[in-house]
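Letter by letter, the chains look like this.
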Amino acid sequence: MSERDLKTIDELAERVKDAHAFLHIDQKTIRLADLDRECAAPGFWDDAAHATAVSKDASILRDVIAQYDRAVGLLDDARAALELAGEDPDFAEEAEAEAAELLDALEPLLDELEISSWFTGEFDEGDAIVSINPGQGGLEAQDWAEMLFKMLTRYCESKGWKVHVLETVAGEGIGLDRASFQVEGHNAYGMLRSENGVHRLVRISPTDLKGRRQTTFGAVEVLPVLPDTVEVDLDPNDIRVDVYRSSGPGGQCVNTTDSAVRLTHLPTGIVVTCQNQKSQLQNKDAAMRVLRARLYELEEKKRAAQVDELRGDQMANSFGSQIRNYVLYPYQMVKDVRSGVETSNVDAVLGGDLEQFVIGYHKWHVSQ
């Protein structure tokens, strides 16, 4: 067994030990046992909403514990293989190769566990609602909004998260006038917070006959799906509900019934629409989730503004406040202006390969 092997395995063993602490494995194990007993109790499913929430919490805890247990197993197996390599020369080469393979699998698993420890916000572990709106620029901006929609949904699907499209409204001619979708998955909101903000595209305009370069902006909003236990000041009497016929492609009967729903919160003027679900009731429920999230976000911004006022003058947002630049011409590059992460593989990024930018943002955020 080489000194390098010993050093590598000792370093990874220390990381496994640290993971046990920052993941609070002992507390999670106790909590999971409590939830499992609750799930097994008679009448558990009498309250379907509560039962679903409890089952989801239990599933998340079970997955985290299973990941940690797998890390421990990989470490133990690698140690055993290296010990065999040192004791039996006849199997040394084969055992060392097996140990290297196990350690190669352990390191990215520990990376993933460490990343999950960054998400300590109240809603970071939960689901997210993502909305996309084109900036100024007409057809160009609508086309960019559709590109952002495809990029983000493909990234979510690559993570194994479930994507439920809430609304897609076609632009005039090409692209999307607006879009929103809900993402279900562990740490979905925490991870996707990296995408919240203005995304800037520079390219040769596909709609300009003279082939001139154009700069286009698109806004991405990421909100948490609020648990029912979170109270939001929302009076049903303050909501105007309008129903109308859905537009664009959809499922059976989407375009033949008044299934689309528009909610207007009269005190704030916030408008939420949803039309991609199969029934008016489903669209209304989805729109209410978005409205609750936006009202909660509005209150959070008010509180933050009060704190900023006490701190003194702050830098104002203006042109150049985008979070990421996507340059397709005269060269190819995607660069995050916050973390500095960049790549020339533009096609991969637009195809949903966002992990380096998401992780880069959170590393930068933690360092701040």
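For the structure, see preceding data.
Residues numbered from 1 in each chain as written. Predicted model: local features only at pLDDT ≥ 70, side-chain atom pairs only at ≥ 80, totals over all residues. Heavy atoms only, no water.

Undergrad: Can you help me understand the overall build of the protein in this one?
TA: Within the protein, the regular secondary structure consists of nine helices and 11 strands. C-alpha atoms of the protein, sized along the principal axes, occupy 75 × 65 × 55 Å. For the protein, with 368 residues in total, the buried portion stands at 41%. Total accessible area computed for the protein in this model is approximately 20,300 Å², and 49% of it derives from carbon and sulfur atoms. (Helix = DSSP H or I, 4+ residues; strand = E, 2+ residues; numbered from the N terminus. Buried < 20%, exposed > 50% of the residue type's maximum accessible area, 1.4 Å probe, protein only. Areas by Shrake-Rupley, 256 points an atom, 1.4 Å probe, with all protein chains shown as cover.)

Undergrad: I tried to follow helix α2 (residues 25–40) on my own but got confused; where do I start?
TA: Side chains that are three or four residues apart share a direction in an α-helix, a result of its 3.6 residues per turn. Its 16 residues give α2 an end-to-end C-alpha distance of 22 Å, which sits within 8% of 22 Å, the value for a rise of 1.5 Å per residue. Within the span of α2, buried status applies to I25, K28, L32 and L35. Considered in projection along α2, the buried side chains sweep an arc of 80 degrees and stay on one side of the axis. Opposite the packed face of α2, turned more than 90 degrees from it, sit the exposed residues I30 and R37. (Expected span 1.5 Å × (residues − 1). Arc of directions from axis to C-beta.)

Undergrad: Mind showing me how you'd approach the side chain of T343 here?
TA: Checked against the element boundaries, T343 lands in strand β11 (residues 342–343). A polar contact is formed between the side chain of T343 and the backbone nitrogen of N345, at a distance of 3.1 Å. Excluding anything up to four places from it in sequence, T343 contacts M333, V334, V349, Q356 and F357. (Polar contact = N/O pair within 3.5 Å; in protein donor to acceptor, adjacent residues only side chain to side chain. Contact = heavy atoms within 4.5 Å.)

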